[in-house]
Amino acid sequence: MALHFELVTPEKLVRSEEVYQVVVPGADGDFGVLEGHAPFMSTARDGAIQIFASAGSAPEVIPVQGGFAEVNEKGLTVLAEHAG
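In the annotation of an unreviewed UniProt entry, the entry for the protein reads F-ATPase epsilon subunit, and the organism field reads Sphingobium herbicidovorans. Looking at the protein in UniProt, the text filed under Sequence similarities (unreviewed entry) is "Belongs to the ATPase epsilon chain family." Check the Subcellular location (unreviewed entry) section of the UniProt entry for the protein; it says "Endomembrane system".

Here we take up the pattern of salt bridges. Close approach of charged atoms allows side chains of opposite charge to pair. A full pass over the atoms with the stated rule returns three salt bridges. Put simply, Arg15 and Glu17 hold a salt bridge, and the shortest N to O gap is 3.4 Å. The class for Glu17 is partly exposed, based on a relative accessible area of 24%. Sharing partners across several salt bridges, the network here consists of Arg15, Glu17 and Glu60.

Note that Glu60 resides in strand β7 (residues 60-72). Among the residues examined, Glu60 registers a relative accessible area of 37% and is labelled partly exposed. Separated by 25 residues in sequence, Glu60 and Glu35 place their C-alpha atoms 18 Å apart. For Glu60, the contacting residues outside a window of four places in its chain are Arg15, Ile49, Gln50 and Ile51. Reaching out from Glu60, the side chain makes a polar contact with the side chain of Arg15 at a distance of 2.7 Å.

Calculation notes
Residues numbered from 1 in each chain as written. Predicted model: local features only at pLDDT ≥ 70, side-chain atom pairs only at ≥ 80, totals over all residues. Heavy atoms only, no water. UniProt positions renumbered as here; feature names shortened; annotations may be inferred. Salt bridge = Lys/Arg side-chain N within 4 Å of Asp/Glu carboxyl O. Buried < 20%, exposed > 50% of the residue type's maximum accessible area, 1.4 Å probe, protein only. Helix = DSSP H or I, 4+ residues; strand = E, 2+ residues; numbered from the N terminus. Contact = heavy atoms within 4.5 Å. Polar contact = N/O pair within 3.5 Å; in protein donor to acceptor, adjacent residues only side chain to side chain.

Below is the structure:
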């Protein structure tokens, strides 16, 4: 199974893809999201999102500044003030 992940800024949709895992820099610490994660919402701090395309793969890293992250039945959406 795959996790649907979207990274959005006020300017554009940066990413929309199926991935294995995403690690988000949350306000209270980094958190990882896999497919089937319980619903969750958090503010995001300045840092880097790590995107794992498959289990055991090296992460792709995208710097982000602020925003929110929401996990729901559709997947993970990160609304960042700035990405890249």
